[in-house]
Amino acid sequence: MEYDIVKILNILPHRYPFIMIDRIIELVPGKKVIALKNVSINEPCFQGHFPENPIMPGVLMLEAMGQAGGILAHKTLNLEKDDLLYFIGIDKVRFRKPVFPGDQLIIELEILRQRGKVVKMKGSVKVDGKIAAEGEFMTALGGKKHDTSNSNN
């Protein structure tokens, strides 16, 4: 199952400049997800990290894995559109190589286990077939999205 950015935005609450995946290449609920991110020099993080030698921050690679894993967990748990998932744990993280503008990230996660509304996954970010980052993630159902359209603030 493939998802374009429109389908991704219908599941994830993230928006520009914090959406970290461009496409889902493969999704097998209950098993795995493979996502893609094209890294562009126009991304806001490169204005300060580091202007003379732009390198994608490692935490943004983790966020990309988290977002792809969020879609996998969302479909695995068969959640509704307004259900929110949250990170509840990140373990065994390693950064193996830097990521630069122009790189294409292939983000892969597989489910290690699921208990109720908690899903544990193992994931990696690869560039040209080489691991740039890897780790284990736990996510859990955290409630419903807030409707801010009637806010008086």
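Relevant structure appears above.
Residues numbered from 1 in each chain as written. Predicted model: local features only at pLDDT ≥ 70, side-chain atom pairs only at ≥ 80, totals over all residues. Heavy atoms only, no water.

**Student:** For this particular structure, what's the right way to read the packing of aromatic side chains?
**Tutor:** To describe a pair of aromatic rings, one takes the distance between the centres and the angle between the planes. Considering all chains together, one arrives at 1 aromatic pair under this definition. The side chain of Lys7 reaches across the aromatic face of Tyr3, ending 5.7 Å from its centre. (Phe/Tyr/Trp six-rings, centres within 6.5 Å; stacked < 30°, edge-to-face > 60°. Lys NZ or Arg CZ within 6 Å of the ring centre and 35° of its normal.)

**Student:** Even after reading the chapter, I still don't get the nonpolar core, so can you show me in this structure?
**Tutor:** It is characteristic of soluble globular proteins that their nonpolar side chains tend to be buried jointly. Formed by 39 residues in total, the largest nonpolar core has its most connected members in Ile21, Ile24 and Ile107. Listing elements by their share of this core, those giving two or more residues are helix H1 (5-11), strand S1 (23-28), strand S2 (32-38), helix H2 (58-76), strand S4 (104-115), strand S5 (118-127) and strand S6 (130-144). Of the residues forming this core, the biggest block, 9 residues, is contributed by H2. Excluding residues within four positions of it along the chain, Ile21 makes contact with Ile5, Ile8, Leu12, Ala35, Leu36, Lys37, Ala64, Gln67, Ala68, Ile71 and Ile107. (Core = buried A, V, L, I, M, F, W, Y, C linked by side-chain atoms within 4.5 Å. Buried < 20%, exposed > 50% of the residue type's maximum accessible area, 1.4 Å probe, protein only. Helix = DSSP H or I, 4+ residues; strand = E, 2+ residues; numbered from the N terminus. Contact = heavy atoms within 4.5 Å.)

**Student:** What am I meant to see in the side chain of Asp103 here?
**Tutor:** Tracing the chain through its elements places Asp103 in the loop between strand S3 (83-95) and S4. Comment: no salt bridge for buried Asp103; closest opposite-charge side chain is Lys97, at 5.3 Å. Polar side-chain contacts of Asp103 include one of 2.8 Å to the backbone nitrogen of Phe100. What Asp103 contacts, discounting residues up to four positions off in sequence, is Lys37, Asn38, Val39, Pro98 and Val127. (Lys, Arg positive; Asp, Glu negative; His and termini not counted. Salt bridge = Lys/Arg side-chain N within 4 Å of Asp/Glu carboxyl O. Polar contact = N/O pair within 3.5 Å; in protein donor to acceptor, adjacent residues only side chain to side chain.)

**Student:** Before we go on, may I ask you to explain the environment of Pro98 in this structure?
**Tutor:** Mapped onto the elements of the fold, Pro98 is located in the loop between S3 and S4. By relative accessible area, which is 40% here, Pro98 ends up partly exposed. In sequence terms Pro98 and Ile131 are 33 residues apart; their C-alpha atoms lie 9.8 Å from each other. Beyond its immediate sequence surroundings of up to four residues, Pro98 is in contact with Ile55 and Asp103.

**Student:** Help me understand the pairing of S1 in this model?
**Tutor:** Within a regular strand, side chains alternate between the sheet's two faces. Note that S1 and S2 share 5 bridges and pair antiparallel. Looking at S2, one finds that Leu27 is bridged to Val33. (Pairing = 2+ DSSP bridges.)

**Student:** So what exactly am I meant to see when it comes to the sheet that holds S5 here?
**Tutor:** The pairing of strands in a sheet comes from backbone hydrogen bonds and takes either a parallel or an antiparallel form. Spatial ordering of the open sheet is given by S1-S2-S4-S5-S6-S3, a layout of 6 strands whose pairing is antiparallel. Looking at which strands have only one partner, the edges of the open sheet turn out to be S1 and S3. Strand-to-strand twist of the sheet, defined as the mean angle between neighbouring strand axes without regard to direction, takes the value 20 degrees. Bridge count between S4 and S5: 9 bridges; the pairing is antiparallel. Pairing of Ile111 across the sheet is with Met121, part of S5. Here H2 sits on the sheet in contact with S1, S2, S3, S4, S5 and S6, set at roughly 135 degrees to S3. (Axes fitted to C-alpha atoms, helices over the stretch in contact; angles between N-to-C directions.)

**Student:** What should I look at first to understand the environment of Pro13 in this one?
**Tutor:** As for its placement among the helices and strands, Pro13 is situated in the loop between H1 and S1. Judged by its relative accessible area of 45%, Pro13 is partly exposed. Between the C-alpha atoms of Pro13 and Glu2, which are 11 residues apart in sequence, the distance is 19 Å. With near-sequence residues (within four places) excluded, Pro13 lies in contact with Leu84 and Lys145.

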